[in-house]
Amino acid sequence: MKNKVELKNSGGKIVPHSDFRVGTNTTIPSKKRRRIGTWNVRSLGICGKLENIKLEMKRHNIDILGMSEIKWPGQGDFWSDDFRVIFSGDDNKIAGVGIIMNKDMGKRVNTVIQYSSRIIAIKMDTKPVNTIIIQVYMPTTGHRDDEIEEMYEQIDEVIKISKGKDNMIIMGDWNAVAGDVKEQGISGTFGLGKRNQRGERLIEFCKEQNLVITNTLFSQPKRRRYTWTMPGGGTRYQIDYILVKKRYQNQVKQSKSFPGADIDSDHNLIIMESNLSLKKTENKQITRKKWYLDKLKDEEIRYNYSEGVNNKLKELQIKEQNEPYGINDDWEAPHSRKKKI
């Protein structure tokens, strides 16, 4: 039996084994685990679409969600209720990528790279090392191979300006089929379909960057593997992936698609459960220096204090005369070297 999932402002798509069937409850994951997802949303220009995404994030307990094909123009960084939205759009309204986070995660972003309409990255305060999250939207099969190569070169550029020890998660719509054949140290046997040419390029990229494809590693039924349904024919493919550094593979506890989630897209939501630890946010208290003004009532103390202040002012005047200071001295120094994010 098929169950109809009806959500506000959604397409009301019909899927088997819905995650939100009437009379059932969504399983809440361990508080120690963070849920990171990616989704080709097929345009945020539709009225109510962002609200629908926020609803699905709450229902699936998603902390961070990367979005492809948002089709918003320009670039931005804003809060919508308790969600932070950072995006790098496309003025032609063809591509566009973004990242939306809950309040806890949104406060921990310390760096944003709005690289292009197909690549966006953020750096977060996590422990024991910082975490870089990159959301990508690769060109479709209708684009030339040299455009694909240019995209991989751009992703490489973003990776290079991060520190080697950083935890890194790269996710999105790769428009490639990695397939269900195991690639030692890269992918498992729980992919879907036969690897195509773009899939070969993705595997090559993973080898170059020491990455693993998480949503091919865990035993899943096929309905939990496919991420895109071809319009008309109904053929299912796995072309969206979440990649992590091999050295941090142990942080991944689960990674699969959720066909029951609905925002009127032909792509499925993918969620990775991760033991991502956050740095504690410290509220720094300002300690004010206490002045004992009553002591100035003593004539000798008042005289010594006055003399000390006058002598200090004279020293500063002499220093300024001998060593002229320009404001550009401190301005130019930070810009003379390239900082890593």
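Everything discussed here concerns the structure shown above.
Reference entry: report on the structure contained in this document. All values reported here derive from a predicted model rather than from experimental measurement.

Rules of the game
As a convention, each chain's residues are numbered from 1 in the sequence order in which they are written. For this predicted model, a pLDDT threshold of at least 70 governs which residues receive local features, and a threshold of 80 or more governs which side-chain atom pairs are given and counted, while totals over whole chains, interfaces and linings are taken from all residues. Excluded from the side-chain calculations are hydrogens and water; all other atoms, namely the structure's heavy atoms, are used. Burial classes follow relative accessibility: with a 1.4 Å probe on protein chains only, a residue under 20% of its type's maximum area counts as buried, one over 50% as exposed, and anything between as partly exposed. Counting from the N terminus, the helices are the DSSP runs of H or I reaching at least four residues and the strands are the DSSP runs of E reaching at least two. Pairing between strands is defined by DSSP: at least two bridges between them are needed. Put simply, a nonpolar core is a bunch of buried Ala, Val, Leu, Ile, Met, Phe, Trp, Tyr and Cys residues held in one set by side-chain atoms that sit within 4.5 Å of each other. Contacts are assigned to residue pairs with any non-hydrogen atoms lying within 4.5 Å of each other. Angles shown run from 0 to 180 degrees and are taken between the N-to-C directions of axes, each axis being a line fitted to C-alpha atoms and, for helices, limited to the stretch in contact. A helix is expected to reach a length of 1.5 Å times the quantity of its residues less one.

## Points about the pairing of strand 11 (residues 131-137)
Here's step 1: In terms of burial, strand 11 is a largely internal element, 7 of the 7 residues being buried.
Here's step 2: Every second residue of strand 11 is oriented toward a common face, with Thr131, Ile133, Gln135 and Tyr137 on one face and Ile132, Ile134 and Val136 on the other, all of them buried.
Here's step 3: As judged from the 6 bridges shared by strand 9 (residues 119-124) and strand 11, these two strands associate in the antiparallel manner. Paired with Lys123 across the two strands is Ile132, which belongs to strand 11.
Here's step 4: Direction of pairing for strand 11 relative to strand 12 (residues 167-173): parallel, over a ladder of 7 bridges.

## Quick look at the pairing of strand 8 (residues 109-113)
Where a strand is regular, its side chains alternate between the two sheet faces.
Here's step 1: Pairing of strand 8 with strand 9 involves 4 bridges; the strand directions are antiparallel. Bridging from a neighbouring strand, Ile113 pairs with Ala121 of strand 9.
Here's step 2: Linking two consecutive strands that pair antiparallel, namely strand 8 and strand 9, is a turn of 5 residues.

## Describing the nonpolar core
Here's step 1: With 27 residues, the main nonpolar core has Ile134, Ile170, Trp174, Leu202, Phe205 and Leu243 as its most contacted residues.
Here's step 2: The leading source of residues in this core is helix 3 (residues 145-160), at 6 residues.
Here's step 3: With near-sequence residues (within four places) excluded, Leu243 lies in contact with Met168, Ile169, Ile170, Trp174, Leu202, Phe205, Cys206, Leu211, Val212 and Ile213.
Here's step 4: Within the second largest apolar cluster, 24 residues are counted, among which are Met105, Val109, Met171 and Val244.

## Considerations on the sheet that holds strand 18 (residues 269-274)
Here's step 1: Across the sheet, which stays open at both edges, the 7 strands sit in the order 5-6-7-4-3-18-17 with mixed pairing between neighbours. The open sheet has two edge strands with one neighbour each: strand 5 (75-80) and strand 17 (252-258). Neighbour to neighbour, the strand axes of the sheet diverge by 15° on average, direction disregarded.
Here's step 2: Pairing geometry for strand 6 (residues 83-88) and strand 7 (residues 97-102), over 6 bridges, is antiparallel. Paired with Val85 across the two strands is Ile100, which belongs to strand 7.

## Focus on helix 3
Here's step 1: For helix 3, built from 16 residues, the straight-helix expectation of 22 Å at 1.5 Å per residue is met to within 8% by its first-to-last C-alpha distance of 23 Å.
Here's step 2: For helix 3, the set of buried residues is Ile148, Met151, Tyr152, Gln154, Ile155, Asp156, Val158 and Ile159.
Here's step 3: Each element contacted by the buried residues of helix 3 is listed here: strand 9, strand 11, strand 12 and helix 4 (197-209).

This is a description of form; function is not addressed.
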